[in-house]
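Each chain, letter by letter, is given below.
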Amino acid sequence: MATARPRRGPAMTEVARAAGVSQKTVSRVVNGEPHVSPEVRERVLRAIRDLDYRPNTAARALLLGRYRRIGVVALGSPLYGPTSLLFGLEQAVQRAGYTFALASTLRDQGVTVAVESLLEQGVDGLVLAEPVDDGTPLRVHTDLPVVSVSAPVDTAGGRGAVVRADGVAAARLATEHLLALGHRTVWHVPGPQDWFSARERVQGWREALSAAGAPEPPLPAEGDWTPASGYAAGRHLARLPDVTAVFAANDDMAIGLVRAFAEAGLTVPRDVSVVGFDDIPAAPYLSPPLTTLRQDLATVADRAVGLLTAALEGRPLPAEPTDVAAELLVRNSTAPVRTRGATPV
């Protein structure tokens, strides 16, 4: 028994015949071009609705030289920062009048495969939101414009730019805040060092300590962004009598720290001040409310998509990275230093 073939959708010629216009006029209406009278445009749109005509994306791309689609490469992580950035990129792409195509980079796949899948779908440009790297620029073999929102990017066509939250400056800000409260030094609980943002936060922490002439404590084992890894670091730090201030690389690890300190009989911020990073929605409602850094990821997304769409219109991409500053939100988890174990006056 022969298998029934799926019904082919109506062609542009059928729409033109139903509307009593040329195929070129239908093309102009479909692509939003001018020089079509309101009466003719309405007639064509009515025929499109009646026939349930759907423009062929590949044909439109051949006709216009554009897909009106932006591809985004991302890790697909459930963590707050990457998820918020991805949402911001999707919104920014849609506001710019483009469709959004996503390819996730799994550990066994990587950026190259994700980019190739987007190029096969047909995109006009790429945004790289891949946070994991090997310390070298992300390499993308394409002549399309590419904007990275994390690590530096190297493209075959030389059309690459970077827009990112300034993690180095943010980490300096967190460390300087704790030093200004009189703490002799600041300990840091780092995130995984194969993440660009985690290395930036270590760098900013070190720069602030060096500028202040404060000693640099040894780093505990790097965390994995989870409360459990912050808790493990906190159990270690709670045994050290000179720890009075800690900057955690994200809020989830800061939450684990506070729990470990509480179990060790230490109060935040009376005995130990803690600063996080991200300003997750729960941060103001923790006990105590968490002092943290808020990254303006919506602005990062808007600027990245803005640069990309400008490049598609023929404007050059900037050679230098575009950095977006973070905001320090001082809450109740930080306080002036006092000797651990001293009796409050």
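Residues numbered from 1 in each chain as written. Predicted model: local features only at pLDDT ≥ 70, side-chain atom pairs only at ≥ 80, totals over all residues. Heavy atoms only, no water.

Caption draft 1: Here's a closer look at the nonpolar core. With 26 residues, the main nonpolar core has V189, L237, V246, L257, F261, V272 and V274 as its most contacted residues. Those elements giving two or more residues to this core turn out to be β8 (187-189), α9 (227-237), β9 (245-248) and α10 (251-263). At 5 residues, α10 tops the list of elements feeding residues into this core. Among residues more than four places away in sequence, those in contact with L257 are V189, G230, Y231, A233, G234, L237, V246, A248 and V274. Among the nonpolar cores identified, the runner-up in size contains 25 residues, and Y98, V147, A304 and L317 belong to it. (Core = buried A, V, L, I, M, F, W, Y, C linked by side-chain atoms within 4.5 Å. Buried < 20%, exposed > 50% of the residue type's maximum accessible area, 1.4 Å probe, protein only. Helix = DSSP H or I, 4+ residues; strand = E, 2+ residues; numbered from the N terminus. Contact = heavy atoms within 4.5 Å.)

Caption draft 2: Geometry of the confidence of the model for the protein. Residues at a pLDDT of 70 or more form 90% of the protein, whose mean pLDDT is 89. Scored below 50 in pLDDT, residues 1-7 makes 0 contacts in the model with residues more than four places away or belonging to other chains. (pLDDT = per-residue confidence, 0-100.)

Caption draft 3: Region of the structure containing the sheet that holds strand β10 (residues 273-275). Here 3 strands make up an open sheet; going across it, the order is β8-β9-β10 and the pairing parallel. Of all strands in the sheet, those with a lone pairing partner are β8 and β10, marking the two edges. Between one strand axis and the next, the sheet turns by 20° as a mean value, whatever way the strands run. Bridge count between β8 and β9: 3 bridges; the pairing is parallel. (Pairing = 2+ DSSP bridges. Axes fitted to C-alpha atoms, helices over the stretch in contact; angles between N-to-C directions.)

Caption draft 4: Spotlight on the environment of P218. Looking at where P218 falls in the secondary structure, it is placed in the loop between α8 (196-212) and α9. Residue classification places P218 among the exposed residues on the basis of a relative accessible area of 57%. Distance from P218 to H188, taken between C-alpha atoms, is 8.5 Å for residues 30 residues apart in sequence.

Caption draft 5: Seen up close, the packing of aromatic side chains. Under the defined criterion, the tally for this structure stands at 2 aromatic pairs. Aromatic pair W195 and W225: ring centres 5.4 Å apart, planes at 70°, arrangement edge-to-face. Within this pair, whereas W195 is found in the loop between β8 and α8, its partner W225 is found in the loop between α8 and α9, the two being separated by 30 residues in sequence. Between the NZ or CZ atom of R68 and the centre of the ring of Y98, over which it lies, the distance is 4.0 Å. (Phe/Tyr/Trp six-rings, centres within 6.5 Å; stacked < 30°, edge-to-face > 60°. Lys NZ or Arg CZ within 6 Å of the ring centre and 35° of its normal.)

Caption draft 6: Broad picture of the packing of helix α5 (residues 80-95) against helix α11 (residues 297-312). For the pair α5 and α11, the least separation of the axes is 8 Å and the interaxial angle reads 40°. Between α5 and α11, the angle falls in the class oblique. Seen along the crossing, α5 lies across α11 with a hand that is right-handed. Each of G81, S84, L85, G88, L89, A92, V93 and R95 in α5 lies in contact with α11, whose residues at this interface are L297, V300, A301, D302 and V305. Of the residues in the contact of α5 with α11, the class split is 8 nonpolar, 3 polar and 2 charged. (Parallel < 35°, antiparallel > 145°, perpendicular 65-115°, else oblique. Left-handed = near helix turned anticlockwise from the far one by under 90°. Nonpolar A, V, L, I, M, F, W, Y, C, P; charged D, E, K, R; others polar.)

Caption draft 7: Region of the structure containing the environment of T267. Among the secondary structure elements, T267 is positioned in the loop between α10 and β10. With 21 residues separating them along the chain, T267 and P288 place their C-alpha atoms 9.6 Å apart.

Caption draft 8: Representation of the environment of E90 in the model. Along the chain, E90 falls in helix α5. Distance from E90 to G71, taken between C-alpha atoms, is 9.9 Å for residues 19 residues apart in sequence.

Caption draft 9: Region of the structure containing helix α6 (residues 110-121). Here α6 contains 12 residues, and its C-alpha end-to-end distance of 17 Å stays within 8% of the 16 Å for a straight helix at 1.5 Å per residue. For α6, the full list of buried residues reads V111, A114, V115 and L118. Down the axis, α6 shows its buried residues gathered within 100° of arc, on one side only. Of the surrounding elements, those touching the buried residues of α6 are β1 (69-74), β2 (99-104), β3 (125-129) and β4 (138-140). Following α6 by one or two positions, G122 adopts a phi angle in the positive range, close to 100°. (Expected span 1.5 Å × (residues − 1). Arc of directions from axis to C-beta.)

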